[in-house]
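# Inside the fold
So the chains spell out like this:
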Amino acid sequence: MSRFARAFGGAVVAVALSIGSVAAATPGTVEVSFHSSQPDFASCPGFAVDLELDITRRITTFVDSDGNPTRIVTHVTGVGIMTNPLTGKSLPDANHFTVTADLVNGTRTFTGDIRVDTAPGAGRVFRAVGRLAFGPDGSVLFESAPHDDLEGNTDALCAYLGGA
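These numbers come from a predicted model, not from an experiment.

Cut-offs used in this document
- Residues numbered from 1 in each chain as written.
- Predicted model: local features only at pLDDT ≥ 70, side-chain atom pairs only at ≥ 80, totals over all residues.
- Heavy atoms only, no water.
- Helix = DSSP H or I, 4+ residues; strand = E, 2+ residues; numbered from the N terminus.
- Buried < 20%, exposed > 50% of the residue type's maximum accessible area, 1.4 Å probe, protein only.
- Contact = heavy atoms within 4.5 Å.
- Areas by Shrake-Rupley, 256 points an atom, 1.4 Å probe, with all protein chains shown as cover.
- Phe/Tyr/Trp six-rings, centres within 6.5 Å; stacked < 30°, edge-to-face > 60°.
- Lys NZ or Arg CZ within 6 Å of the ring centre and 35° of its normal.
- Polar contact = N/O pair within 3.5 Å; in protein donor to acceptor, adjacent residues only side chain to side chain.

Okay, the overall build of the protein next. If you tally the helices and strands in the protein, you get three helices and eight strands. Taken from N to C terminus, the helices and strands of the protein fall in the order α-β-β-β-β-β-β-β-β-α-α. Within the protein, the fraction of its 164 residues that count as buried is 38%. The contacts in the protein between residues at least 6 apart in sequence include a share of 47% that link residues at least 24 apart. Roughly 8000 Å² of accessible area belongs to the protein as shown, and the carbon and sulfur atoms make up 56% of that amount.

Now the structure itself:
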């Protein structure tokens, strides 16, 4: 597994853990939080990619008739910048997606623009979009549309940030 895929997996775990902590909140609670900065977000030949990202999360917990949490839906919007710290070359980064955590069966489903990175004058160099579902053990149950991170398609991203 590539370092980039591990980094994405780590980000997924971080979101999952932050979602899981809401399950103890009052049922139906909606919370908003902000977060930024992921040094060494990805690895390219000869350099690590740093990510500065401001994220807004709107988290809603759904409950059953007994008041037990059954599902958590998190709407995530983020804007930021990926940077090659050796050269300072940067790339705008954006995301807008929904994470649905089914607390009954343990699955997590990501839907939307998980990551879209478009280089001025060069077009889209990295993307993770569509739908991606993980089982309770973290295995991929379903994937639709490109997920460059999971597929190891980092050549265009690394070439752009590397100056090639």
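That was the structure; now back to the text.
Turning to the packing of aromatic side chains, a few remarks are in order. Applying the stated criterion across every chain yields a total of two aromatic pairs. Three or more aromatic residues joined by ring pairs make a cluster, and in this case those are Phe-97, Phe-110 and Phe-134. When the ring centre of Tyr-160 is taken as origin, the NZ or CZ atom of Lys-89, which lies over that ring, is 4.3 Å away.

For the rest of this paragraph, the subject is the side chain of His-147. Summarising the element assignment, His-147 is placed in the loop between strand E8 (140–144) and helix H2 (148–151). Among the polar contacts listed, one links the side chain of His-147 to the backbone oxygen of Val-129, at a separation of 3.0 Å. Those residues within four positions of His-147 in sequence are excluded, and the remaining contacts are Ile-114, Arg-127, Ala-128, Val-129, Arg-131 and Leu-132.

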